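Here is what each chain is made of, one letter per residue.
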Amino acid sequence: MAAHLSYGRVNLNILREAARKELREFLDKCAGSKAIVWDEYLTGPFGLIAQYSLLKEHEVEKMFTLKAGRVPSADVKNIIFFVRPRLELMDIIAENVMSEDKLQPPREFHILFVPRRSLLCEQRLKEQGVLNSFTNIDEYILDLIPYDGDLLSMESESAFRECYLENDQTSLYHTAKGLMTLQALYGTIPQIFGKGECARHVANMMLRMKREFAGSQNQILPVFDTLLLLDRNVDLLTPLATQLTYEGLIDEIYGITNGYVKLPPEKFAQKKPGEGGKDLPTEPKKLQLNSAEELYAEIRDKNFNAVGAALSKKAKIISAAFEERHNAKTVGEIKQFVSQLPHMQAARNSLANHTSIAELIKDITTSEDFFENLTVEQEFMTGVDTDKVNTYIEDSIAQKDPLIKILRLVCMQSVCNNGLKQKVLDHYKREILQTYGYEHLLTLNNLEKVGLLKPQLTTRNNYPTIRKTLKLWMEDANEQNPNDISYVYSGYAPLSVRLTQLLARPGWRSIEEVLKMLPGPHFEERQQLPTGLHKKRQQGENRTTLVFFLGGVTYAEIAALRFLSQMEDGGTEYVIATTKLLNGTSWIKSLMDRPEAQIL
Amino acid sequence: MKESKRAVNSILVDDDDDDDDVEKVSWSGEPIGSISWSVKETASSFRSSGEQSFPKIDTAPSLPKQGSGYSLSSLFKAKSKPFQSFSESFTDTSTRAYAPELRKPKSECKDYMSDWSPEETVRRMRKGRAYSLERFRSLQDKLLLLDEAVSLHDGNVITAVLIYLKRSLSKEILFRELMVREVALRHYVHYLKEMGEQKLLVELMKALGRTEDMALMQYKEHLNIKDEGRRRDFLKSCLSLPFSQDDAMHVQDHYTLLERQIIIEANDKRGEAEIFRKYPRKASILNMPLITTLYYSCFYHYGEPEGTFSSPANIRKTFRISEKQYILTALGARAKLKSWFDVDSLFNTKNWLGYTKKRSPIGFHRVVDILQKNNAPAQVLQEYVNLIDDPELRLSLAQKYKCHDIVIDTYKDLKDRQQLIVYQGKVERGSHEDRKIEELINNMQIRWKN
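Where an unreviewed UniProt entry is consulted, chain B appears under the name Spermatogenesis-defective protein 39 homolog, with the organism given as Astyanax mexicanus.

Identification of chain A as Vacuolar protein sorting-associated protein 33A from Astyanax mexicanus is taken from an unreviewed UniProt entry. As its UniProt record puts it under Sequence similarities (unreviewed entry), chain A is described as follows: "Belongs to the STXBP/unc-18/SEC1 family."

Colleague: Got a minute to help me understand the overall build of chain B in this structure?
Modeller: Looking only at helices and strands, chain B features 24 helices and 2 strands. Buried residues in chain B amount to 49% of all 450 residues. Taking contacts inside chain B between residues at least 6 apart in sequence as the whole, the part at least 24 apart equals 52%. Of the roughly 23,300 Å² of accessible surface on chain B, 51% is carried by carbon and sulfur atoms.

Colleague: Please explain a negative patch on the surface as it appears in this structure.
Modeller: Together, Asp28, Glu59, Glu61 and Asp75 of chain A make up a region of like negative charge exposed at the surface. With respect to the helices, strands and loops of the structure, Asp28 of chain A is situated in helix α1 (residues 13-29).

Colleague: How should the domain arrangement of chain B be read in this particular structure?
Modeller: Accessible area lost during the coming together of the parts is what is often quoted as the interface size. Residues and elements named next belong to chain B. Domain annotation of chain B identifies domain 1 (114-209) and domain 2 (210-321). Each of domain 1 and domain 2 has a C-alpha centre, and these two points are 43 Å apart. Contact with domain 1, which involves 8 residues of that partner, is made by 7 residues of domain 2. Counting each side, the surface lost to burial between domain 1 and domain 2 is near 770 Å², with a carbon and sulfur contribution of 69%.

Colleague: Help me understand the sheet that holds strand β10 (residues 256-257) of chain A, please; the structure alone is not making it clear to me.
Modeller: Strand-to-strand pairing in sheets goes through backbone hydrogen bonds, with the strands running parallel or antiparallel. Residues and elements named next belong to chain A. Strand order in the open sheet formed by 3 strands is β10-β11-β12, and the pairing between neighbours is antiparallel. This sheet does not close on itself; its edge strands, each paired only once, are β10 and β12 (285-288). Pairing of strand β11 (residues 260-263) with β12, which is carried by 4 bridges, proceeds in the antiparallel orientation. Each residue of the ladder has a partner; that of Leu263, found in β12, is Lys285.

Colleague: What exactly am I supposed to notice about helix α5 (residues 119-127) of chain A here?
Modeller: An α-helical segment advances 3.6 residues per turn. Residues three or four places apart therefore align on the same side. Residue and element names in this part refer to chain A. A large share of α5 lies buried, amounting to 7 of its 9 residues. You can read the cap of α5 off the contacts: a side-chain oxygen lies 2.9 Å from the backbone nitrogen of Cys121, and it is on Ser118. At the exit of α5 stands Gly129, carrying a positive phi of roughly 75°.

Colleague: Help me understand the packing of aromatic side chains in this model?
Modeller: The way to describe two aromatic rings as a pair is by their centre distance and the angle between their planes. A full pass over the atoms with the stated rule returns 26 aromatic pairs over all chains. These aromatic residues form a ring-pair network of at least three members: Phe276, Tyr279, Tyr295, Tyr296, Phe299 and Tyr300 of chain B. The cationic tip of Lys286 of chain A hangs over the ring face of Tyr260 of chain A; the distance from NZ or CZ to the ring centre is 4.9 Å. In this structure, Arg316 of chain B is placed above the aromatic ring of Tyr326 of chain B, and the distance from its NZ or CZ to the ring centre is 4.2 Å.

Colleague: When you look at the pattern of salt bridges in this model, what are you seeing that I'm missing?
Modeller: Two side chains carrying opposite charge are able to pair once their charged atoms lie near each other. Residues and elements named next belong to chain A. Counted by the stated rule, this structure contains 61 salt bridges over all chains. Between Asp150 and Arg562 there is a salt bridge whose closest N-O contact spans 2.7 Å. Of this pair, Asp150 sits in the loop between β6 (145-148) and β7 (151-153) while Arg562 sits in helix α21 (residues 555-566), placing them 412 residues apart in sequence. The burial state of Asp150 is the same as that of Arg562; both residues are buried.

Colleague: I'm lost on unusual backbone geometry in this one. Help?
Modeller: Excluding glycine, most residues fall at negative phi; most peptide bonds, likewise, are trans. Along the chain, Val114 of chain A connects to Pro115 of chain A via a cis peptide bond; the corresponding omega equals 0°. With respect to the secondary-structure elements, Pro115 of chain A resides in the loop between β4 (108-113) and α5. With a phi close to 55°, Lys338 of chain B is a non-glycine residue in the positive phi region. Mapped onto the fold, Lys338 of chain B is located in the loop between α17 (323-336) and α18 (340-347). Given the relative accessible area of 42%, Lys338 of chain B is considered partly exposed. Backbone geometry at Lys402 of chain B places phi at a positive 55°, although glycine is not the residue there. Topologically, Lys402 of chain B is positioned in the loop between α21 (391-400) and α22 (404-413).

Colleague: Looking at this model, I keep getting lost on the nonpolar core. Mind explaining?
Modeller: Inside soluble globular proteins, nonpolar side chains tend to come together where they are buried. Counting 304 residues, the largest nonpolar core has Phe81 of chain A together with Leu371 of chain B as the members making the most contacts within it. By residue number, the principal contributor to this core is helix α15 (residues 403-416) of chain A, which donates 9 residues. Setting aside its immediate chain neighbours within four residues, Phe81 of chain A contacts Val37, Leu66, Val71, Ile93, Asn96, Val97, Phe109, His110, Ile111, Leu112 and Phe134 of chain A.

Colleague: Could you clarify how one ought to interpret the side chain of Ser590 of chain A in this entry?
Modeller: Residue and element names in this part refer to chain A. Locating Ser590 in the fold gives a position in helix α22 (residues 584-591). Look at Ser590 and you get buried, because its relative accessible area is 18%. Within polar-contact distance, the side chain of Ser590 engages the backbone oxygen of Trp587 at 2.7 Å. In this view, Ser590 contacts Glu157 and Arg161; residues no more than four positions away in its chain are not counted.

Colleague: When you look at the environment of Trp448 of chain B in this model, what are you seeing that I'm missing?
Modeller: Residues and elements named next belong to chain B. As for its placement among the helices and strands, Trp448 is situated in the segment after α24 (432-441). Of the residues examined, Trp448 reaches a relative accessible area of 17% and is grouped as buried. Considering only alpha carbons, one finds Trp448 and Met125, 323 residues apart in sequence, at a separation of 91 Å. When near neighbours in sequence (up to four residues on either side) are disregarded, Trp448 contacts Tyr411, Lys412, Lys415, Asp416, Arg417, Leu420, Leu440, Ile441 and Asn443.

Colleague: It is not clear to me how the sheet that holds β4 of chain A should be interpreted in this structure. Could you clarify?
Modeller: Residues and elements named next belong to chain A. Strand order across the open sheet formed by 5 strands is β2-β1-β3-β4-β5, with parallel pairing between neighbours. Two strands lie at the open edges of the sheet, namely β2 (60-65) and β5 (134-139), each paired on one side alone. Across the sheet, the mean angle separating the axes of adjacent strands is 20° when strand polarity is ignored. Alignment of strand β1 (residues 34-38) against β2, held across 5 bridges, turns out to be parallel. Considered in β2, the bridge of Val37 is made with Phe64. Against the sheet, helix α4 (residues 87-98) touches β3 (78-83), β4 and β5, its axis set at about 170° to β3.

Colleague: Whenever I open this one, helix α12 (residues 331-365) of chain A confuses me. Can you help?
Modeller: Spanning 35 residues, α12 of chain A covers 49 Å between terminal C-alpha atoms, matching the ideal 51 Å at 1.5 Å per step. At Leu341 of chain A, α12 of chain A shows its maximal kink, close to 45°; a proline, Pro342 of chain A, follows between one and four residues later.

Colleague: Would you take a moment to explain the environment of Leu89 of chain A for this structure?
Modeller: Counting through the fold element by element, Leu89 of chain A comes out in helix α4. Between the alpha carbons of Leu89 of chain A and Pro265 of chain A there is a distance of 34 Å; along the sequence they are 176 residues apart.

Colleague: How do you make sense of the packing of helix α16 (residues 422-436) of chain A against helix α17 (residues 441-449) of chain A when you look at a structure like this?
Modeller: The description of two helices packed together rests on the angle between their axes and the distance between the axes. All names here are of chain A. The N-to-C vectors of α16 and α17 enclose an angle of 145°; their axes lie 10 Å apart at closest approach. On α17, the residues that touch Lys429, Ile432 and Leu433 of α16 are Leu441, Leu444 and Glu448. Counted by class, the contact of α16 with α17 contains 4 nonpolar, no polar and 2 charged residues.

Colleague: Where do I start with the domain arrangement of chain A in this structure?
Modeller: Entries for chain A in the domain assignment read domain 1 (3-142), domain 2 (261-268 + 283-366) and domain 3 (369-461). Placing a centre on the C-alpha atoms of domain 1 of chain A and another on those of domain 3 of chain A gives a separation of 45 Å.

Calculation notes
- Residues numbered from 1 in each chain as written.
- Chains lettered and ligands numbered in written order.
- Predicted model: local features only at pLDDT ≥ 70, side-chain atom pairs only at ≥ 80, totals over all residues.
- Heavy atoms only, no water.
- UniProt positions renumbered as here; feature names shortened; annotations may be inferred.
- Helix = DSSP H or I, 4+ residues; strand = E, 2+ residues; numbered from the N terminus.
- Buried < 20%, exposed > 50% of the residue type's maximum accessible area, 1.4 Å probe, protein only.
- Contact = heavy atoms within 4.5 Å.
- Areas by Shrake-Rupley, 256 points an atom, 1.4 Å probe, with all protein chains shown as cover.
- Patch = residues over 30% accessible without salt bridge, like charges linked within 9 Å, V, L, I, M, F, W, Y side chains within 5 Å.
- Salt bridge = Lys/Arg side-chain N within 4 Å of Asp/Glu carboxyl O.
- Lys, Arg positive; Asp, Glu negative; His and termini not counted.
- Charge placed at Lys NZ, Arg CZ, Asp CG, Glu CD.
- Domains from an automatic or database assignment.
- Buried area = accessible area lost by both parts, 1.4 Å probe.
- Pairing = 2+ DSSP bridges.
- Polar contact = N/O pair within 3.5 Å; in protein donor to acceptor, adjacent residues only side chain to side chain.
- Phe/Tyr/Trp six-rings, centres within 6.5 Å; stacked < 30°, edge-to-face > 60°.
- Lys NZ or Arg CZ within 6 Å of the ring centre and 35° of its normal.
- Core = buried A, V, L, I, M, F, W, Y, C linked by side-chain atoms within 4.5 Å.
- Axes fitted to C-alpha atoms, helices over the stretch in contact; angles between N-to-C directions.
- Expected span 1.5 Å × (residues − 1).
- Bend = angle between axes of the 7 residues up to and from the residue.
- Nonpolar A, V, L, I, M, F, W, Y, C, P; charged D, E, K, R; others polar.

So, in structure tokens, the structure goes:
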């Protein structure tokens, strides 16, 4: 089921197995038949760890969603609440427990907090007078969830907001904890590099935690050679740009959550002969997206302009394979053909799905508005007219385009100009407040606090220097057969990934000046390995680097890192971890003080 | 892409059995056996078994989805308190005693009795074991405990200690100590925010000298007030807060706007004027953005004298709306009503000789765009297409909206005989346009460029 997790350079299935083992252990603690009451939010992440079958094996007979009122009567011995540690959920649980039917045989209650138990929540349950009703209160530490063979995420939606706006470093603590767990399974990571305040903070916590465990030495041969911790605010530009890879566009347009995407169903209705008048389905089509699907693994990281060709090529191969049946003459040949059928049918379905998705996306990428928006983004990223009020933004406001779109563009202009001239900033602010409502004053203030929007304090704009030194803009980006990471944004090379690339070769010493222009300290730490665990590298063997994006990472950045991993003379393979998989829209939304208002 | 689609379809047709997929997938696309699928499944089978009914599982989720529960902000997401609770005194801690207390059975008590050090206590808290904070009585002990918690970076523990300090120290002392403890301070601020302890928070911000933050924080409260009258009064009370200069102006506008909307709403709700009968209002104007309000005013109250609160002129002046924004909005509203005369007068200016001339702060191509979207008649459209300065733009829009005369005249002005000949092929043979082109291309007086 999760075989795709073990195909990568690092077998992430080990992490998943560890999580499953812990889950089984907890379930066995509650002896007898059980029903699970789910905090609905958790079903997504848990789905990546375990299937219903695993729960069933451990006598889970019913599952419900956590709701106010009474837990439905189910003939089980145990009721287990799987919840996030949030106060309002505690109130619902208390209500559930108190309205339990006294006439029925008593059931035992348990709580499993994910990812951490909370003193406050337990206090709340006590206040509600139900704390003693629970036989077990436990925590299920789920910090880093394996999403794919080379990808881990904490799926902590608000991590960026907390770290950079509210100065709450709890998610960094969980990050450090997650990295400790990872090291327990995959060995101590000998080298740690970092850039940014949060990176420094996480590294400090890791080193401290390691000192605390000084007694027990980790005897596992290190799998990772290097850990690179990167603050999202070192590179505020990249998530603002529209991602142009296949997977990136799916996320930009439809949003990928926990590895699933919901799509408009029209294109997926299978037309079969004789069923012409059948009604079209109205529920969105839900598809799982990961590298277990061969075709998806092949095209997800391509620039969208190269996807059409890849799909046609695949179509020819599959057609040819189906044609083979006419050549099958002997019983043996037919038998062999038949044995391949399931695989071929899966491939054909996969092709049909992705052709439909590609068509949906193409309708959008070929629209005038998409083109104009992209043109403005590219002008900003290349430094054209970033110091003036942009007419496209003005027109978009006048047309009441979605506020998030406007904010993405204005922030991008600000970042590419190292702040906006006071007059320009005031103009945008006034137009936004007048058109979308004065309450967005709060959101604009938030954007200023995290540095996405700011007045230009000095006349010196260092963005051009950064752009030139790091080669963030490549005129001749090759979308079909890329030779540089800039293909993921059709010209713009994501700053974060450029830093990663330069760290591997020739090293950060070569870009000291630029590093100083970016926020936060950069540093290097070493962790001592017990003797005997030093890796003896084979000639030509690649290094493995874990890149941790604190505050989120986009699919296009992931694509760029995968591209670097696959480069023949790259010398480094990357595994990616983050607090959250994000895109410009979900990111800005997390910083808004009243996101629902943007639907206006 | 087309090719692959075709290939896919061709394969689909000559294969009729696609049900034995490797993995079974329900229509929603989730593999059968996945957790969220099973939650639905077990619940619905339960329902159909005819036992006591349970609220449908597949209705809109009742739980907030944002936030993932990994951190402080999600740990303490209490229902935000309504505005009234401002008056609630911060000293009123007795009702909300959050001091962590013993939960574990007595057997563990012995174990913790032996070690009272801050290190051990904090460690126990982190591991979810029994502990007691009451033992830390002196200020010095309490601060040691806090520092120890901070050094562990576990937000859960830090907050638990802070709650104990909040309960057992005077706020002056607590604030003073927090000022030199940046991390603890952040956690405390966050905790107060999540618990909705607005009043204490404001005091803290004041003590810290973070007055602008305090002002914004207070202003944010208006979002929780539903009743428009109370919301207006609240916004009025915000006017004296120490905002930055710009923000102060925006908050003032916010207040004035809502005040204005309440007056307009009271009058228009009755809907007595004819325009309201002809075009009934779809929603109230309360809490709408300024530009929406201006649009509304241009739609229902156009032509009212400037002295009236609901008149476009008054709104424009009060809120210093730019000419550009005003023209755009008024144009949209009048075009929607098909008042082409009003549209016309929006752009009319008289020069000193008394001649009227059309002038626009927005490009005429955008005017055309808006008119076209409102199904303006060809004649009106043509007039504005003709006003577009840039010949290229004029040509392309004229062609798009079939304003033949303008196309012909523009080519004539550009002295582009070739294009004129090409265009002749697009107009009806023998029509007025056809003849006009014919005349032009045969006119030897014009010095064609080609």
